[in-house]
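For reference, the chains in residue letters:
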Amino acid sequence: MSLDEFKIGLLDRDQMPGLLIRSDENGYYNIGIQINDTEVVKVASAGEDDAMTKLEYWGDRIEKVRERYKDRQPKLKPFKGE
């Protein structure tokens, strides 16, 4: 998914560089890892009960996910919300 699209509802992106957290209208959190300048890999969804556990789990795996996608050429252009 595009980075700009993921930013809609963004809660935090600076606590762990590369780990993005977004809430939706139902109170669920989407957790993603930024793999290049324009794209994010959504790695998990979590309710309020298990969000911190999943954030810690994926926070430890940011570099592994980025390594897996390191050769990917960005295919998405920035989302303009239109």
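## Quick word on the overall build of the protein
The helix and strand tally for the protein stands at three helices and four strands. Counting from the amino terminus, helix and strand elements in the protein follow one another as α-β-β-β-β-α-α. Within the protein, the fraction of its 82 residues that count as buried is 34%. Entry remark: accessible area of the protein is about 5,700 Å², with carbon and sulfur atoms responsible for 46%.

## Quick notes on the pattern of salt bridges
Opposite charge on two side chains allows them to pair when their charged atoms are near. Counted according to the given criterion, the structure contains four salt bridges. Arg 66 is paired through a salt bridge with Glu 63; the nearest N and O atoms lie 3.7 Å apart. Taken together, the residues span about one helical turn, with Arg 66 and Glu 63 both in helix 3 (residues 62-68) at a distance of three residues.

## Describing helix 2 (residues 51-59)
For helix 2, the set of buried residues is Ala 51, Leu 55, Trp 58 and Gly 59. Axial view of helix 2: buried residues confined to an arc of 100°, hence all on one face. Of the residues in helix 2, the exposed ones pointing more than 90 degrees away from the buried face are Thr 53 and Glu 56. Packing partners of the buried residues in helix 2 comprise strand 2 (19-23), strand 3 (29-34), strand 4 (40-46) and helix 3.

## A closer look at the confidence of the model for the protein
For the protein, per-residue confidence averages 82 on the pLDDT scale, and residues scoring 70 or more make up 80% of the total. In the model of the protein, strand 1 (residues 10-12) stands out as the element of lowest mean pLDDT, 54, in contrast to helix 3, which has the highest, 95.

## Description of the nonpolar core
Residues Leu 19, Ile 31, Ile 33, Leu 55, Trp 58 and Val 65 are the most contacted members of the largest nonpolar core, which totals 13 residues. Where this core is concerned, the elements lending two or more residues are strand 2, strand 3, strand 4, helix 2 and helix 3. Apart from the residues lying within four places of it in its own chain, the contact partners of Trp 58 are Leu 19, Ile 31, Ile 33, Val 43, Ala 44 and Val 65.

## Quick notes on the pairing of strand 2
In terms of burial, strand 2 is largely enclosed, as four of its five residues are buried. Relative to strand 3, strand 2 runs antiparallel, the two sharing five bridges. Counterpart to Ser 23 in the pairing with strand 3 is Tyr 29. Between strand 2 and the antiparallel strand that follows it, strand 3, lie five residues; Gly 27 among them carries a positive phi value of about 85°.

Procedures and definitions
Residues numbered from 1 in each chain as written. Predicted model: local features only at pLDDT ≥ 70, side-chain atom pairs only at ≥ 80, totals over all residues. Heavy atoms only, no water. Helix = DSSP H or I, 4+ residues; strand = E, 2+ residues; numbered from the N terminus. Buried < 20%, exposed > 50% of the residue type's maximum accessible area, 1.4 Å probe, protein only. Areas by Shrake-Rupley, 256 points an atom, 1.4 Å probe, with all protein chains shown as cover. Salt bridge = Lys/Arg side-chain N within 4 Å of Asp/Glu carboxyl O. Arc of directions from axis to C-beta. Contact = heavy atoms within 4.5 Å. pLDDT = per-residue confidence, 0-100. Core = buried A, V, L, I, M, F, W, Y, C linked by side-chain atoms within 4.5 Å. Pairing = 2+ DSSP bridges.

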